Structure formats: C-alpha cells, structure tokens
Amino acid sequence: MSAKQIELPSAIGVRDLAQKMGISPIDAIKKLMSNGVMASINQTIDFDTAAIVAAEFGFDAVPEKQEVEEKKEVGEVPLWRQKIAGEKEADLLPRPPVVTILGHVDHGKTSLLDAIRKTNVAAGEAGGITQHIGAYQVEREGRLITFLDTPGHAAFTAMRARGAQGADIVVLVVAADDGVMPQTREAIAHAKAARVPIIVALNKIDKPNANPDRVKNQLAELELVPDEWGGNTIVVPVSAKQKMGIDDLLASILLVADSSDIRANPNGKVIGSVIEAELDKAKGVVATLLVQNGTLKNGQVVVAGTAYGRLKAMFDYRGKPVAKAGPSMPVSVLGLSDVPAAGDLFEVVENERTAREIVLKRQEAQKAQVASAKMSLEDLFARFKSGEVKELRLIIKADVQGSLEPIIKEINELGKNSQEIAIKILYAETGNIGENDVMLASASKAILIGFNVQAEVSARRLAEAEGVSIRLYDIIYRLTEDIEKALKGMLQPEFVEKRIGKAHVLAVFPISKVGKVAGCRVVEGEARRNSKVRLFRGGDIVYEGEVASLKHEKEDVREVRAGMECGVGLKNFHDIVVGDILEFYTLEKTG
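Values in this document were obtained by computation on a predicted structure and should not be read as measured data.

Here we come to the state of the cysteines. Applying the stated criterion across every chain, the model contains zero disulfides. With no disulfide of its own, C566 lies 5.1 Å from the sulfur of C520, the closest cysteine sulfur. Here C566 falls in the buried class, since its relative accessible area comes to 7%.

We now examine the packing of aromatic side chains. Throughout the structure, instances matching the rule amount to two aromatic pairs. Plain terms: the ring middles of Y136 and F147 are 5.8 Å apart, the flat faces sit at 25° to each other, and that makes the pair stacked. Pair noted here: Y136 is in strand 7 (residues 135–140) and F147 is in strand 8 (residues 143–148), with a separation of 11 residues, a long-range link. Accessibility expressed as a relative area gives 3% for Y136, which makes it buried. Judged by relative accessible area, which is 1%, F147 ranks as buried. Between Y543 and F573, the aromatic rings sit 4.8 Å apart at their centres with planes inclined by 25°, giving stacked as the arrangement.

One can describe the packing of helix 7 (residues 182–193) onto helix 13 (residues 435–444) by two numbers: an axis separation of 10 Å at closest approach and a directional angle of 15°. When the axes of helix 7 and helix 13 are compared, the pair comes out roughly parallel. The element helix 7 and its partner helix 13 pack so that their crossing is left-handed. Contact residues: helix 7 offers E186, A189, H190 and A193, while helix 13 offers N436, L440 and S444. Residue composition of the contact of helix 7 with helix 13, by class: three nonpolar, three polar and one charged.

With that settled, consider the sheet that holds strand 25 (residues 470–473). Spatial ordering of the open sheet is given by 23-22-24-25, a layout of four strands whose pairing is parallel. Single-partner strands in this sheet number two, and they are strand 23 (422–430) and strand 25. Adjacent strand axes in the sheet meet at a mean angle of 20° when their direction is disregarded. As defined by bridge partners, strand 24 (residues 447–451) adjoins strand 25 across four bridges and the pair is classed as parallel. Considered in strand 25, the bridge of I449 is made with R471.

For the rest of this paragraph, the subject is helix 3 (residues 47–56). For helix 3, the set of buried residues is F47, T49, A50, A51, V53 and A54. The positive-phi residue at the C-terminal boundary of helix 3 is G58, with phi of around 85°.

What follows is about the environment of K320. As for its position among the elements, K320 is in the loop between strand 18 (313–315) and strand 19 (324–325). Residue K320 is classed as partly exposed on the basis of its relative accessible area, which comes to 42%. Linking K320 and V331, residues 11 residues apart in sequence, is a C-alpha distance of 9.8 Å. Residues in contact with K320, not counting those within four places in the same chain, are M314 and F315.

Turning to the pattern of salt bridges, a few remarks are in order. Two side chains that carry opposite charge are able to pair once their charged atoms sit near each other. Tallied over the entire structure, the rule returns 31 salt bridges. With its nearest N and O atoms 3.9 Å apart, the salt bridge here joins R461 to E583. You can see R461 sitting in helix 14 (residues 457–466) and its partner E583 sitting in strand 33 (residues 581–589), a full 122 residues away along the chain. Accessibility expressed as a relative area gives 4% for E583, which makes it buried. For E524, the salt bridge is made with R499, and the minimal N-O distance between the two is 3.1 Å. Here E524 is found in strand 27 (residues 515–528), whereas its partner R499 is found in strand 26 (residues 495–511), with 25 residues between them in sequence. For E524, a relative accessible area of 32% translates into the label partly exposed.

Of all five residues that make up strand 24, five are buried, and the element is covered over most of its length. Judged by which residues are buried, strand 24 turns out to be covered on both faces: I447, I449 and F451 on one side and L448 and G450 on the other are all buried. Direction of pairing for strand 22 (residues 391–398) relative to strand 24: parallel, over a ladder of five bridges. Bridge pairing in strand 24 links K397 to G450. Regarding topology, helix 14 serves as the crossover connection from strand 24 to the parallel strand 25, and that connection is right-handed.

The next point concerns the confidence of the model for the protein. Note that predicted coordinates carrying low pLDDT should not be read in detail. The pLDDT averaged across the protein works out to 80; a share of 83% of its residues lies at or above 70. Ignoring residues within four places in sequence, the model shows residues 66–80, a span with pLDDT below 50, making 23 contacts including any to other chains. The low-confidence segment residues 121–131, where pLDDT is below 50, has 15 contacts with residues more than four positions distant or belonging to other chains.

Cut-off values and rules
Residues numbered from 1 in each chain as written. Predicted model: local features only at pLDDT ≥ 70, side-chain atom pairs only at ≥ 80, totals over all residues. Heavy atoms only, no water. Disulfide = S-S within 2.5 Å. Buried < 20%, exposed > 50% of the residue type's maximum accessible area, 1.4 Å probe, protein only. Phe/Tyr/Trp six-rings, centres within 6.5 Å; stacked < 30°, edge-to-face > 60°. Helix = DSSP H or I, 4+ residues; strand = E, 2+ residues; numbered from the N terminus. Axes fitted to C-alpha atoms, helices over the stretch in contact; angles between N-to-C directions. Parallel < 35°, antiparallel > 145°, perpendicular 65-115°, else oblique. Left-handed = near helix turned anticlockwise from the far one by under 90°. Contact = heavy atoms within 4.5 Å. Nonpolar A, V, L, I, M, F, W, Y, C, P; charged D, E, K, R; others polar. Pairing = 2+ DSSP bridges. Salt bridge = Lys/Arg side-chain N within 4 Å of Asp/Glu carboxyl O. Right-handed = clockwise from strand over helix to strand, strands pointing away. pLDDT = per-residue confidence, 0-100.

Take a look at the structure:
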C-alpha cells in the first residue's frame, strides 16, 4: 500500500475521516463545504463523499476490505440450532421466517403489528383474530411469515438468555420525526448481540416534520448503514397509521429470509421455544409454543424447562383447534403440569416417565447453574487461561452523557493495549441499571458496570437469579483500574451482596439524644444489627448505610425474624417516614 492510499468504510464520521488523514476536523468540514456538503463534526458521510475530501488532501481512497464473516464462538449458537445441526442436510427444508418487532416506546411498534395483521385480514382472513396468543402468521405471495407479538426486547432477550432463538429477523421501528432514541439504541444492542439481521421500518413517514435523512445518518453512526448508501441495512419507509409501505416491508422480510439459512426438518426431532405462558383458572396452564424443528402433534408428551405434560389440545393463532404444527408455527397448548418461563426450550419425549426424569435432572442442575454461569471480573483471567473466554463484554450505564464518553474512551484504550483479551462494549447509555440491562448481560455473558447510578431493586433480584455481575463505581479511575487489573489477572475478590431480609416501616418514633427510630414489621427473612441496610421510598433508594440499633420490645437484639416487629435506628440518618421499606443485606467475599 502506498503512503498516500487510504482505506475507507462505506460510511464514516467526519471526525474519524479527519483522524485517518491526520488533519484537523475543521479543515475537513471546510473542504466538504467547498464541495457543497454541509456537515457537522459528528455527521456520517458516504464513501464517495469521503473519497472526494480525501483526494483534496492528496489521498487515494479505496474501499475498506470486508472482514470475513466472524465465526460464532462456542456457546453463541442457540441450543436448538445445535440440535438441528444433527439433522441431515438433505432433510432440511425452508421454513417461514420468525420476525420480532423492536423499537423505542411510542415509535409505533403496536400500530405496525396491527397494520400488518389487518392487511392480512383484508386479504381474506376469515373471522379475524379471535385469540391473542403472542404470535401470528401472515401470508405474502403464497409464503408465510411468523410475527412474535411480544412486549419488546425484554421478551426477545429472555428467549436468548435461555438458549432459544428469539427470532430470525428483527424489524427495528424508528419514528421519522423523532429519530434514534435510548430504547432504539438498546434494541439495536439486543439484536446485534443475538446476531440477527435488522430491517429498519422508518415509521410516521407521512408526518409533516418527518426527516428521513437525519434518521438515516443516526442509524449509520450506529453501524446500520442504509443499503442505498452502500450499506447492508434495508430501510423501508412506512406509515402504520396510513397503512403505507406495509407490502414493501413484508417483501423486504422475505428478501432477507431468502439470503439467510432459515431451514428445518419437519420430520425431525421436535424442538422449539416457549413464547409466553400463564395459569388460566378455567383451562389450567396455557402455553404458547413456537415450533422450530419437527412437527408437534396433539397427544405428544412435551418437556418445557422444568414443566412437562401430555398435550390435551392445540390451537392456532386464530383460536382454531389444530392436530399438528410444523416449523415456525405458533400454537397455544393445554396439558402442561406447570407454567414454563418465556424463552424456555421445549422438546417432545417418549413418555411421561422420561419427562419426569428430565425435569428432576434440570431442577438439580439449576441449583448449581447460577454459581457456575456467573461471569465476574475476578474470574475473567482464569477463564481466559482455560480457554473459556476470548473477550470481556461490558454493558455500561452512567448518570450523564458527560460521564459516559470519557469512560468509553478509557475502556477502549485499555482494549487496544491488551494483547490477550479483547474488550467489547455491547451497550452504553445513561440511566439507572434496569431489568432489560440485566437480561442483555445474561444473554451475552456480559458484566454490568454502573457509574454514579443505582441498580433498581427488580434488576438486583434478576441479576442474582440470572448470575449477572453488577459493579457500581463513583470514580472513573477506579472503574478503569479494576478492568485493567482483571485483564492482567491481578484483581482481588470483590464483596457481593446477599439479601437477608425486608421490613415495612409502620410508625416513626422520635427519641431524645438518638433521633428518629423506625417501628417496623419484618416481612421477609430477618433484620440483623450488624448488617447493611437500604431505605426505599416509592422505588427510589433514599439511604444506604448501616443499622445503628435494633430492638425488640425495648430489648437490644442481634436479629429479628419475619412476622415480628422491631425498632430500627439508622446510622447518621433520621428522615424516615411511614411506608418506607428497609432492605437488609450483608457483603460476602467472592472467590
């Protein structure tokens, strides 16, 4: 390569282009302006425009060599795909693509699903939809498409976290008048972690303030370069409200499906995943199953997670009874012994005795699973040495954008300097750590890092159940120092929380020389005098510290168990009100 030759991708930010050429971004912007292109420092431009600017500075721009498709690491391939891999190639036949719709709240996910559903009804669907079962099928050009009508990326990721393939294709809904929002970025992170092709539905295109080009720029900055700009992402303008572009979207889904290896053996082993399940007072357990290989038949014995049973009845998405369901067909079934979790894999077994044995083994395995599955910074280096991990995956949540940028920069620098373990930031956003963050971390075997933020109570509990490591920091250099030590195998064991009890504040007593004491009832576990404590008010953490005193009927005690009342004093804190919740926990060393 000559000194003046420069490799450029199909789309590049102005700042990055300037860095590649070793010039000031201001000079690059001036050249763009002189060529009639008004661009800011953070704007993305296509290859042709970048090549013109490069030529002005004496560079010969050539397209960047496409990386050979990344090989999937062990554990990245969904379990059901691994099982299908055992099928003979000649037996695999094309099956309908399974599509899930993700996107920011209020960008029109539900409206788009309704528009697709009604289009199908207008095309001759008798009676319409009589029963909501979390999935439905539409027909286009004589071919079926299965849509997962789930509540967004939480359910999509829950399926992946449990080994199922949530979908073959993701349709990302972005409002043309609003653009890329935090939940849009989150949805992209979930889809990329699942390695699922993304089609963008540019919704609300009929609105007078719609700005498609601005949205396409934002998407390109997130590595979703529109195909019209030389990228690989199909962007379809639609209006769910006006029913515009729906046919184009369905055609694009089939186009992507044709270029993907979406096949199954209808006569092979019956496996699939649970979309949703509930306990109905009249019918018992009702589960929606998505068949992914083989043909499910009424009367067969099914094991789904730790639930099992002989199928008593099966219904399609219209609520009509069916005797069998082939690959990519969603069905509502009756007959399971228990309510399986969304995302659990199911399979057909010979008889109920075999099913019971499988469930018993799974229940025993689950007890040991969390400890062994947990990915923490402490054991990172040991796992690398044993060949278990090749990269450190991180999800970062910070209080403000101003904190996020230097953290990402510092971590990326550490990644460049690490010769052995690569660092990959899957998702970075502002805000407290929530359940969606934990599900993404669980599905991707990532570590959650928070800076100046809190982890929501529900997120902490889910992290404990899923074996996800959450680390919170308030100083940037300590955060980066811990990651650097982990990469070198020098990080000391951390202290992890163990929740021991919960109490409700029923009354508040002012006591002279002491301050306010909370009169509580312990509702879970126990309250301990030597424990740490958090005070919650309306879901927010108001205080985090230590128990100063613990009394039961005026006596100082070490612990008070569930069902009993007690007086709790908090160290250096007296702003206690009736209705507050106290959560008691201890810190235990890992490793």
